[in-house]
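# Observations on the model geometry
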Protein chains: 2
Amino acid sequence: MSTRIPFDEVKATVKKALLNLGLSEEDAELCATIHTQSSADGVESHGLNRIPRFADYVQKGWVDVKAEPELVGKKGAAENYDGHRGIGVKNAVICADRAMELAKEHGIGLVALRNTTHWMRGGAYAWRMAEKGFLGISWINTESCMPMWGSDEPGVGNNPFCIAIPREKGPIVVDMAMSQYAYGKLGVYRLAGKQLPYPGGFDENGNLTTDPGAIEKTGRILPTGYWKGTSLAIALDMAAAMIANGFCGTDMDIQAKGSCSGCCQIFIAIDPYMFGGKEELQAMLDKRVAAADATHPIDPKHPVRCPGESTVARREKSMKDGVNVDESVWAQVQNLAAGKMDVEDISGVVIQKKV
Amino acid sequence: MSTRIPFDEVKATVKKALLNLGLSEEDAELCATIHTQSSADGVESHGLNRIPRFADYVQKGWVDVKAEPELVGKKGAAENYDGHRGIGVKNAVICADRAMELAKEHGIGLVALRNTTHWMRGGAYAWRMAEKGFLGISWINTESCMPMWGSDEPGVGNNPFCIAIPREKGPIVVDMAMSQYAYGKLGVYRLAGKQLPYPGGFDENGNLTTDPGAIEKTGRILPTGYWKGTSLAIALDMAAAMIANGFCGTDMDIQAKGSCSGCCQIFIAIDPYMFGGKEELQAMLDKRVAAADATHPIDPKHPVRCPGESTVARREKSMKDGVNVDESVWAQVQNLAAGKMDVEDISGVVIQKKV
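Please read these numbers as outputs of a predicted model, since none were measured by experiment.

A count of helical and extended segments in chain A gives twelve helices and 13 strands. Its C-alpha atoms give chain A principal-axis dimensions of roughly 55 × 50 × 45 Å. Taking all 355 residues of chain A together, the buried fraction comes to 65%. In the form shown here, chain A has an accessible surface area of approximately 12,300 Å², with 51% of it arising from carbon and sulfur atoms. One finds the centroid of the 39 positive side-chain charges in chain A at a distance of 2 Å from the centroid of its 44 negative side-chain charges.

As C-alpha cells, then:
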C-alpha cells in the first residue's frame, strides 16, 4: 500500500534518519534532498526505499559516513578519486561536479571514482549535469547479479548506464540498468502486489515470468535485449574498473559486502556549446523531441514520449499532491528518524554470485 | 547461398571495384581492408554486402569520394570535423585516430564528426582503438528507421553504440544497434533464407515475428529491450547532433538521401593506463573474462563468452578457410571490379520516415 506525503515532510524525516546515522548536517541535507527527489520523480526504488538498506550498511560498517573522497590521479581532462567507502551519493555528486569543471576547461571532462558505495538512483548525476547545462554520461559497475546470456547463474552486474541531454525545456535523460528491470523495480512491483508489464526474468523452472518475487528468488533477471544487455554490462564493468583502477564485479563478489560496496563509477561531462550556438542547438533539440512525440501511437491513449519528459510531469504532481511512498518503507524511515535503529531491508533482494 | 573466398582475393576485388568508383589508391586500400575485415569477422552485413550500396550512393552523388574531412572547431581535448559527405569509412578512421592522439595528451579525447556518410560496421573504429591500446566509445545517429516505443511508424534511428576494452589477449568489443537486429542483419538472414533466432519486429498485422522480410516490409523493428532501446537511441541521436553541431535524425529524414548521409559520429578515446599499471589492469581484465566465461551454461554445448571473443575465433577461421560471402553479393562486387557499374542493393531495406 502506498500513500502521498508532502515533499518537505519526506525530506525532513529522511534527514533526521540520516543525522541519527551519524551524517553531518551538510551531508544529511544533500542525501535527503536526492533520495526525496528520486521518489518524487517516480524512482522510489532508489529513493525512499533505499534508506533502510543504507542504514543497515552504515551500521554494518560497509559505508563510512565520515570518509571524504580523495584525488589520487590526474591527467589533463581526467581525474581519479578514491571514495574510501564513503557515502555513495555524496561521492558521486562531488565527482559529477568535478567532471563539469573539467569540461568547462577542456571541452570534455572525465572523473573516475573507485572504492565508493551505492550511488542510489543512477540517473541523479546525469540529471544534475543536464540541469547545470552539460551533456552527461555516467555508469557504475556492480556485483554479479545477472546471468550472462546463456548462463543460469549470476555472472555480471546489471551496471546502469546514463546519458543526459541539457534541453532547457526539460532534460532528456536515460537511466537504464542492463537488466530489463532493476532489482529495485522488482521490489516496487512486489511491494505493490503487482505483476511486471513484460517478462523480466526466469522462474525456478527456467520459464520467462512476470512475477517479480519468482525472479528475485532465482536471480535470473532478463538482460535488456537478451545477449546485448549482458555484452554491454560486462564491457561497462571492465571499462569502469580499468579507468578508475578499482574493483571489477568479481572483486565485489569475493568481498560479499552487499550491493555496490567498493564499486567504480565513471562521470563524463561535455560542454554542449563548444562547437555550435546555444539558441540553434536548443531549437534543434525541441524540433527533434517534437518529431518523435508526433509519431503515430499504437494506442491513442498513450502518446509517444521521449525519456525524461514524463519524469518532469511526475515531479510536478509530487510537488503538488505529495510524494508517493510505500507505507511499510515510510514506517521504517519514521522509526529511524525517531532513533529506533533496527531496520529490515525490504527494498529488493540483493543477489550475489556465490564464490 | 554463400561460399568462402580467400581474404586477399576478396580484398583485391573490393579494391578494384572502389578504384573504378573513383577512390584514390590509398582510400581504396583502406576501405577494401576494412570491408573485407568486417566480413572476415562475421559482420558481412556491413562488410562485402555494403559495397553495392556504396557504389550506388557514389554514383548518385551522395558520397563524394574526393572530399577530405576538415577541422572546424577545437576546445581542449575535443575537436569537431566536417566530413563534407566524403567516404564514411575514411572520415571515421581519421577521427578515431585523432581521438586517440587527443587522449594521449589529455587522458581522454573527443572527436565529433558531422556531415559524414555511412561508417559501415560501427564496431570497426572501437576495434581499431582497442587494438591500438585505447579504451574506445563511439556512436552514430541515423535517419528514422525504427518506431519509438508505443508507435507503429519510424521515429528514431537505431543508432549503434560501441564500446571497446583494450585487452591484450583479445579486445572485448560491443557493437550494438538499438534495434534487436540491424537492418543489415535482417538482410543477411533474408538472403540466407533463414528465420531470426528471436522475434525481431512486427509484421503487417502488428504481431511479433521472426521473419526478416516481414519486418523489412513494415519497418517496425523491435527496439533492444523494448522502451529502453528507443530511449537510448533518441538520446544518442540528440547527443551526436548537439556535440558535432550537425544533423539530427529528423534532418536526415527530410533530406531523404538514403542511410546515414549527412550523419554525425562521436569518437571518444581514453588512455586506460593513466591511473593504473598496465600489467595489473590486464591481469584484472583476464580474471574478469575468465570468471564470466566460467559461469554455468544453460546448454553445455554453448559455453558463455564475452563480446568479441567469438569474433577473434571467426577471424581466424576466415583467414584459414576463406571469407564467407553471399554469392549474389560477390557476383555484383566482381561485376563492379570488372567495370560493370550497374548495381542492385540487396544488402538490406533502407527504411525512412516519410515526411
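Still more ground to cover, so stick around.
Further remarks concern the interface of chain B and chain A. On the chain A side, the residues contacting the 90 residues of chain B number 90 residues. Taking both sides of the interface into account, the surface hidden between chain B and chain A amounts to around 7,200 Å²; carbon and sulfur atoms contribute 72%. Contact with chain A buries area across many residues of chain B, yet Met-242, Phe-275 and Arg-288 of chain B alone supply 13% of it, more than any other trio. The interface formed by chain B and chain A holds six salt bridges in total. Put simply, Asp-271 of chain A and Lys-75 of chain B hold a salt bridge, and the shortest N to O gap is 2.8 Å.

Moving on: the nonpolar core. One finds Trp-139 of chain A together with Trp-139 of chain B to be the most contacted residues of the largest nonpolar core, which totals 102 residues. Residue contacts for Trp-139 of chain A: discarding those within four places in its chain leaves Trp-119, Pro-160, Phe-161, Leu-236, Ala-239, Ala-240, Ile-243, Cys-264, Gln-265, Ile-266 and Ile-268 of chain A together with Ile-137 of chain B.

In this structure, two copies of a chain are linked by a rotation about an axis accompanied by a shift along it. Structural alignment of chain B on chain A gives an RMSD of 0.0 Å, achieved by rotating through 180 degrees and translating 0.0 Å along the axis. Within this description, the copies of the chain are treated as partners about a two-fold rotation axis. Using C-alpha coordinates, one finds that chain B approaches the rotation axis most closely at Gly-225 of chain B, a distance of 2.2 Å. Here 100% of the interface residues in chain B have copies in chain A that are interface residues too; the copies meet face to matching face.

Now for the packing of aromatic side chains. A complete count under the given rule lists 25 aromatic pairs over all chains for this structure. Pairing Trp-119 of chain B with Phe-267 of chain B gives two aromatic rings, centres 5.9 Å apart and planes at 65 degrees, and the pair type is edge-to-face. Highlighted residues: Trp-119 of chain B in the loop between strand 4 (108–116) and helix 5 (123–131) and Phe-267 of chain B in strand 12 (residues 263–270), separated in sequence by 148 residues. Summarising the burial analysis for this pair, Trp-119 of chain B and Phe-267 of chain B share the class buried. In this structure an aromatic cluster arises from ring pairing among Trp-149, Tyr-226 and Trp-227 of chain A together with Tyr-181 and Tyr-198 of chain B. If you follow Arg-315 of chain A out to its NZ or CZ, it ends over the ring of Trp-127 of chain A, 5.0 Å from the centre. Above the plane of the ring of Phe-202 of chain B lies Arg-220 of chain B, whose end atom (NZ or CZ) is 4.6 Å from the centre.

Residue and element names in this part refer to chain A. By the criterion of burial, strand 5 (residues 135–140) is predominantly enclosed, with six of the six residues buried. Neither face of strand 5 is exposed, since Leu-135, Ile-137 and Trp-139 on one face and Gly-136, Ser-138 and Ile-140 on the opposite face are all buried. Bridge count between strand 5 and strand 12 (residues 263–270): six bridges; the pairing is antiparallel. Each bridged residue has a counterpart across the sheet, and for Gly-136 the counterpart in strand 12 is Ala-269. As defined by bridge partners, strand 5 adjoins strand 8 (residues 161–165) across four bridges and the pair is classed as antiparallel. By the bridge assignment, Trp-139 is partnered in strand 8 with Phe-161.

Attention now goes to the side chain of Ser-45 of chain B. Considering the arrangement of structural elements, one finds Ser-45 of chain B in the loop between helix 2 (25–40) and helix 3 (51–60). Dropping the residues within four chain positions of it, Ser-45 of chain B is found in contact with Arg-50, Gly-184, Lys-185 and Val-188 of chain B.

With that settled, the discussion passes to the sheet that holds strand 3 (residues 78–82) of chain B. Residue and element names in this part refer to chain B. The strand order across the open sheet formed by seven strands is 2-3-4-12-5-8-9, and the pairing between neighbours is mixed. The sheet terminates laterally at strand 2 (70–75) and strand 9 (172–176), the two strands that pair on one side only. For this sheet the average axis-to-axis angle between neighbouring strands, irrespective of direction, equals 10 degrees. Taken together, the seven bridges between strand 4 and strand 12 define a ladder with antiparallel strand orientation. Paired with Ile-108 across the strands is Ile-270, a residue of strand 12. In the packing of helix 4 (residues 88–106) onto the sheet, the strands contacted are strand 2, strand 3, strand 4 and strand 12, and the crossing angle to strand 4 comes to about 160 degrees.

What follows deals with helix 3 (residues 51–60) of chain A. Residues spaced three or four apart along an α-helix face the same direction, because each turn holds 3.6 residues. Residue and element names in this part refer to chain A. Most of helix 3 sits out of view: eight of its ten residues are buried. Of the positions making up helix 3, those classed as buried are Ile-51, Pro-52, Arg-53, Phe-54, Ala-55, Asp-56, Tyr-57 and Val-58. Turning to helix 3, the residues buried within the fold contact helix 1 (7–20), helix 2 (25–40) and helix 12 (327–337). Where helix 3 terminates, the next one or two residues include Gly-61, which has phi positive at roughly 80 degrees.

So, on to the packing of helix 8 (residues 227–244) of chain A against helix 10 (residues 278–293) of chain B. Put simply, helix 8 of chain A and helix 10 of chain B touch, their axes get as near as 10 Å, and they point 155 degrees apart. Classified by the angle their axes make, helix 8 of chain A and helix 10 of chain B are roughly antiparallel. Judged by the twist between their axes, the crossing of helix 8 of chain A over helix 10 of chain B is right-handed. Only Leu-281, Gln-282, Met-284, Leu-285, Arg-288, Val-289 and Ala-292 of chain B of helix 10 of chain B make contact with helix 8 of chain A, whose side of the interface consists of Ile-234, Asp-237, Met-238, Ala-241 and Met-242 of chain A. Partitioning the contact of helix 8 of chain A with helix 10 of chain B into residue classes produces nine nonpolar, one polar and two charged.

Moving on to the state of the cysteines. Going through the model one piece at a time under the given rule, you end up with zero disulfides over all chains. Unpaired in terms of disulfides, Cys-248 of chain B finds its nearest cysteine sulfur in Cys-264 of chain B, a separation of 8.5 Å.

Time to look at the confidence of the model for chain A. In this model, chain A carries an average pLDDT of 95, and 99% of its residues clear a pLDDT of 70 or more. In the predicted assembly, ipTM is 0.96 and pTM is 0.97.

This next bit is on the pattern of salt bridges. Scanning the entire structure with this criterion turns up 50 salt bridges over all chains. The salt bridge partner of Lys-11 of chain B is Glu-29 of chain B, with a shortest N-O separation of 2.6 Å. One end of the pair, Lys-11 of chain B, is in helix 1 (residues 7–20); the other, Glu-29 of chain B, is in helix 2, with 18 residues separating them in the sequence. A residue is classified by how much of its surface remains accessible, and Lys-11 of chain B, at 18% relative accessible area, is buried. Connected through salt bridges with shared partners, the residues Lys-11, Lys-15, Glu-25 and Glu-29 of chain A form a single ionic network.

Turning our attention to helix 3 of chain B. All names here are of chain B. With respect to burial, helix 3 is a largely interior element, seven of its ten residues being buried. Within the sequence span of helix 3, burial applies to Ile-51, Pro-52, Arg-53, Phe-54, Ala-55, Tyr-57 and Val-58. Lining the buried residues of helix 3 we find helix 1, helix 2 and helix 12 (327–337).

Below, the discussion takes up the sheet that holds strand 8 of chain A. Sheets are built from strands paired through backbone hydrogen bonds, the pairs being either parallel or antiparallel. Residue and element names in this part refer to chain A. Strand order in the open sheet formed by seven strands is 2-3-4-12-5-8-9, with mixed pairing between adjacent strands. Since the sheet does not close on itself, it has two edges, and those belong to strand 2 (70–75) and strand 9 (172–176), each with one partner. With direction set aside, neighbouring strand axes in the sheet form an average angle of 10 degrees.

The rules we used
Residues numbered from 1 in each chain as written. Chains lettered and ligands numbered in written order. Predicted model: local features only at pLDDT ≥ 70, side-chain atom pairs only at ≥ 80, totals over all residues. Heavy atoms only, no water. Helix = DSSP H or I, 4+ residues; strand = E, 2+ residues; numbered from the N terminus. Buried < 20%, exposed > 50% of the residue type's maximum accessible area, 1.4 Å probe, protein only. Areas by Shrake-Rupley, 256 points an atom, 1.4 Å probe, with all protein chains shown as cover. Lys, Arg positive; Asp, Glu negative; His and termini not counted. Charge placed at Lys NZ, Arg CZ, Asp CG, Glu CD. Contact = heavy atoms within 4.5 Å. Buried area = accessible area lost by both parts, 1.4 Å probe. Salt bridge = Lys/Arg side-chain N within 4 Å of Asp/Glu carboxyl O. Core = buried A, V, L, I, M, F, W, Y, C linked by side-chain atoms within 4.5 Å. Least-squares fit on C-alpha atoms with pLDDT ≥ 70 in both. Phe/Tyr/Trp six-rings, centres within 6.5 Å; stacked < 30°, edge-to-face > 60°. Lys NZ or Arg CZ within 6 Å of the ring centre and 35° of its normal. Pairing = 2+ DSSP bridges. Axes fitted to C-alpha atoms, helices over the stretch in contact; angles between N-to-C directions. Parallel < 35°, antiparallel > 145°, perpendicular 65-115°, else oblique. Left-handed = near helix turned anticlockwise from the far one by under 90°. Nonpolar A, V, L, I, M, F, W, Y, C, P; charged D, E, K, R; others polar. Disulfide = S-S within 2.5 Å. pLDDT = per-residue confidence, 0-100.

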